[in-house]
Amino acid sequence: MATLSDIGVSAFINILGAFAFLLAFALLRIQPINDRVYFPKWYISGKRSAPRHVGYFVGKFVNLNFKTYLTFLNWMPQAMKMSEANIIEHAGLDSAVFLRIYTLGLKIFAPTAIVALLVLIPVNVSDGILFFLRKDLVVSDIDKLSISNIKPKSWKFFVHIAMEYLFTFWTCFMLYKEYGRVAAMRLKFLASQDRHAEQFTVLVRNVPHESKRSITDSVENFFKKNHPDHYLCHQAVYNANKFAKLVRKRARLQNWLDYNQLKFERNPEKRPTKKKGFLGLWGERVDSIDFYKQQLKEFDRRLTMERERILKDSKSIMPAAFVSFNSRCGAAVCAQTQQSKNPTLWLTNWAPEPRDVYWNNLSISFFSLSLRKLLISVAVFALVFFYMIPIAFVQSLANLEGLEKVAPFLRPLIEWSVIKSFLQGFLPGLALKVFLFVLPSILMFMSKIEGHVALSVLERRTAAKYYYFMLVNVFLGSIVAGTAFQQLHAFLHQSATQIPRNIGVSIPMKATFFITYIMVDGWAGIAGEILRLKPLVIFHLKNMFLVKTERDVERAMDPGSVDFPETLPSLQLYFLLGIVYAVVTPILLPFILVFFAFAYLVYRHQVINVYNQRYESCAAFWPHVHGRIIASLVISQLLLMGLLSTKKAAKSTPFLVVLPLLTLTFHKYCKSRFEPAFRKYPIEEAMEKDLQDRSSESDANLKAYLADAYLHPIFHSFEEIELEDVKVDKKPPPDSPSPPLSELSSPSPTHDAKDHKEDEPSQTSQTSHNIQHYEVGQPGDLFHYQYEQTSHVYHYDFESQYHHDSQYQHNGYHY
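Every value quoted in this text rests on a predicted model; they were computed, and no experiment measured them.

Re the overall build of the protein chain
A tally of helices and strands in the protein chain yields 32 helices and 10 strands. Counting only residues that meet the buried cut, the protein chain has 54% of its 815 residues in that class. The long-range fraction of contacts in the protein chain, counting pairs at least 24 apart against all pairs at least 6 apart in sequence, stands at 83%. Element-wise, carbon and sulfur atoms account for 62% of the exposed surface of the protein chain, whose accessible area totals about 37200 Å².

Here it is as structure tokens:
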């Protein structure tokens, strides 16, 4: 068990590591070469185009303005400048509400820590019962600050019961205020949004099969009949996963063609060549440009054949569709009502926003979904218990005294003070962090197999699995396994009647392990988050070896988004630890407070400058956060009841029985009062927005807008390209004046206040493409299948997602 000196060693190591990470970040962020790693959000939003620098060559890579090195910590006040309203505008409601979770932790635990330290610590220290038990049990100085130090049948347990009531009421009060505030923010955000496709669209699943009628005809007839005043159009769902794989392979070939075109442009006297064998290691040497053009031509033929096969095969059309309405009110009525007298048919839910759709799972049948969920539930259950083995190993590291008594031959090695302090104060938390490293990826894979159709739902389901894992293994598993290892000698040499007493005394002592875990994960880990060492290394490696075109530069800079599947469960674990140990071992609370304050500062910086959310769910995850904090309250109350029963405090225990009931009643009230705002869209709000839109936009514009909003990937363009001017400059872009700073401007460091001229003009990526675009049917009846080719040709221009300055000409062939 970790002693005060062990905790001190762990604190020193973690504080030193966190300081090293922060110092490295402060220095790396002001280097021009790293600007796209630490400020990608501003590049993506278009408010930043290039870092300022001094000099013509060295200044492009290293910051030569030495004055900025004296203000290397100015990122901290800059992270706090942007208001919440501007964060919502800049990064979205999901990011703003995510940050509010950290402020909620500070609001709950700051007053709780003050009261607990001033009231409970003196009460716990006064009895000193552990002094008499130290011969039987493994005891440290920190344990004397816990409830374990109170003698059985003591009247002082009434103080702990009173504190449990006080902390519960304070937590519920803060949760109520926060739930109401987030619900109001969500409704305000939805009301302030411009026209979005998901506001008018419903995802319909389990469409019944009718003889002599296609799925598309069934959908159209059903909604024209049952929603005649509001039905506008629909888009079918195809099983086109094979087609999507071919498109991804073709994109890689296109990138190689771009790269070789670029090489030839830079050196026109020498045509690039390659070997046709595996990875270009052997085989006949051929002209690279001609080779990749031929490969692309073959892929275009395969894509065309695969597209036509899917369109002609009625079995490729899945019993699902995106159905759009001419008003938000009509969509709300459809999404929130039962469509058929058979509740298992015509299942309707709000459609995810187009960026949020996970197309691969839309082709899964209703029966397969039920089977998958059952199998994944069994797999998650097995995974949770499989991980108990490494968790038990971690606890064996954290409780060396118990092993010493059972295996005395290890004592010479363990008793060396430096090794002992390292093993008990730092290694257990680090080992647990390592064992949990790959778990989120495994759980995300399981969630995809379950068949969820939105990225946001996939992340919430993964977060739920990860939370249950953390609850069972990290919290309960660490307590049970840790108690067993810690008091192994007592369990082996005492009568069975003493085991409940030993467990009751030992559980509060596990706070020392969680303190070391908080310092490793919540202090050094959060400092590592802002350093972004892995993205930094990957970006420079890609830029050095893999970047061939401008789209490669954008992909290398891709910052990703907040990792909700891992971050939210970790946050909820800290809430659980703080709530459970607030009464049991209050010395843990200051470590929790440091985590919430530090993490809030770091993630505020990341949300403003780094992360770019892939979707906007309008804080749909908040009810889950609220529910798990309530679960933490109930767990703390039940745990305290169990501890008091082991302390023979039968007279005081009944006073706690009513508290879980009150907590669950409060949760039920909040669920009824606020959760509908996260599950349903009020008709009143929908009608108000519709009336506003009708005065400015026509139904014809809406129909054209919704026709392509949920266009299936099978109808997306694929390219038959003849590159003429493909250019990319892997050197840092030349100096350009930064945009004027405003409250929403980039807070990135200024390397030089002067403008400098460059010798070489900037090179931009410009491409001219001929692209075939295939579309089926008219926009209002998008997927009505007659495969008689006509000669109608349509020409139009659009802005590519990769080449913002390029125009592509599309030749659309209407089937």
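Still more to cover.
Brief notes about helix α31 (residues 683-694)
With 12 residues, α31 extends 16 Å between its outermost C-alpha atoms, agreeing within 8% with the 16 Å of an ideal straight helix rising 1.5 Å per residue. Taken residue by residue, α31 has A686, K689, D690 and D693 as its buried positions. In a view along the axis of α31, the buried residues occupy a sector of 105 degrees, so they form one face of it. Set apart from the buried face of α31 by more than 90 degrees, the exposed residues are E684 and L691. Each element contacted by the buried residues of α31 is listed here: α8 (157-192) and α12 (328-335).

A word on helix α23 (residues 511-531)
The first and last C-alpha atoms of α23 sit 29 Å apart over 21 residues, in line with the 30 Å expected at 1.5 Å per residue. At G525, α23 shows its maximal kink, close to 35 degrees. Most of α23 is tucked away: 19 of the 21 residues are buried. Where α23 terminates, the next one or two residues include R532, which has phi positive at roughly 55 degrees.

A closer look at the packing of α8 against helix α29 (residues 654-674)
Two elements in contact, α8 and α29, have axes whose closest approach is 11 Å; the angle formed by their N-to-C orientations is 0 degrees. One way to sum up the angle between α8 and α29 is to call them roughly parallel. Residue-level contacts link F158, I161, E164, Y165, T168, F169, C172, L175, Y176, Y179, G180 and A183 of α8 to F655, L656, V658, L659, T663, F666, Y669, C670 and F674 of α29. In the contact of α8 with α29, the residues fall into 17 nonpolar, three polar and one charged.

Side note on a positive patch on the surface
Taken together, the side chains of K242, K245, R248, K249, R252 and R302 present a region of like positive charge at the surface. The element contributing the most residues to the positive patch is helix α10 (residues 241-266), with five residues. Tracing the backbone through its elements, the reader meets R252 in helix α10. On the basis of relative accessible area, R252 is assigned to the exposed category, the value being 52%.

A short note on the environment of I526
Inspection of the secondary structure assignment puts I526 in helix α23. Along the backbone, I526 and V602 are 76 residues apart, and their C-alpha atoms lie at a distance of 7.2 Å. Those residues within four positions of I526 in sequence are excluded, and the remaining contacts are D521, F595, F598, A599, V602 and Y603.

A few points about the sheet that holds strand β2 (residues 231-238)
Backbone hydrogen bonds are what pair the strands of a sheet, in a parallel or an antiparallel way. Pairing in this open sheet of four strands is antiparallel, and the strands run β2-β5-β1-β6 from one edge to the other. With one partner strand each, in any of the chains shown, β2 and β6 (347-350) form the two edges of the open sheet. In this sheet, adjacent strand axes meet at a mean angle of 25 degrees when their direction is disregarded. Bridge count between strand β1 (residues 201-205) and β6: four bridges; the pairing is antiparallel. Each bridged residue has a counterpart across the sheet, and for V204 the counterpart in β6 is T348. Each of β1, β5 (317-325) and β6 is contacted by α12, which is oriented at about 130 degrees to β6, the strand it contacts most.

Let's talk about the environment of I442
Of note, I442 is situated in helix α19 (residues 439-450). The sequence separation of I442 and T462 amounts to 20 residues, and the corresponding C-alpha distance is 9.1 Å.

Structural notes on the state of the cysteines
Two cysteines whose sulfur atoms are joined by a covalent bond form what is called a disulfide. The tally for this structure, following the rule as stated, stands at zero disulfides. No disulfide involves C172; its sulfur sits 7.7 Å from that of C670, the nearest cysteine.

Quick look at the nonpolar core
The biggest cluster of nonpolar side chains holds 140 residues, and the ones touching the most others in it are F98, F475 and Y581. Top contributing element to this core by residue count: α8, with 15 residues. Not counting the four nearest positions on each side in its chain, F475 is found in contact with M470, F514, L573, L576, L577, V580, Y581 and I635. By size, the runner-up hydrophobic cluster in this structure holds 32 residues, among which are Y231, A236, A240 and L246.

A look at the pattern of salt bridges
Throughout the structure, instances matching the rule amount to 16 salt bridges. Of the charged contacts in the structure, one is a salt bridge between R250 and D300, with a shortest N-O distance of 2.5 Å. Here D300 lies in helix α11 (residues 288-312) and R250 lies in helix α10, a separation of 50 residues in the sequence. Here R250 and D300 have matching classes, each one buried.

Rules used throughout
- Residues numbered from 1 in each chain as written.
- Predicted model: local features only at pLDDT ≥ 70, side-chain atom pairs only at ≥ 80, totals over all residues.
- Heavy atoms only, no water.
- Helix = DSSP H or I, 4+ residues; strand = E, 2+ residues; numbered from the N terminus.
- Buried < 20%, exposed > 50% of the residue type's maximum accessible area, 1.4 Å probe, protein only.
- Contact = heavy atoms within 4.5 Å.
- Areas by Shrake-Rupley, 256 points an atom, 1.4 Å probe, with all protein chains shown as cover.
- Expected span 1.5 Å × (residues − 1).
- Arc of directions from axis to C-beta.
- Bend = angle between axes of the 7 residues up to and from the residue.
- Axes fitted to C-alpha atoms, helices over the stretch in contact; angles between N-to-C directions.
- Parallel < 35°, antiparallel > 145°, perpendicular 65-115°, else oblique.
- Nonpolar A, V, L, I, M, F, W, Y, C, P; charged D, E, K, R; others polar.
- Patch = residues over 30% accessible without salt bridge, like charges linked within 9 Å, V, L, I, M, F, W, Y side chains within 5 Å.
- Salt bridge = Lys/Arg side-chain N within 4 Å of Asp/Glu carboxyl O.
- Lys, Arg positive; Asp, Glu negative; His and termini not counted.
- Charge placed at Lys NZ, Arg CZ, Asp CG, Glu CD.
- Pairing = 2+ DSSP bridges.
- Disulfide = S-S within 2.5 Å.
- Core = buried A, V, L, I, M, F, W, Y, C linked by side-chain atoms within 4.5 Å.

That's the geometry; what it means functionally is another story.
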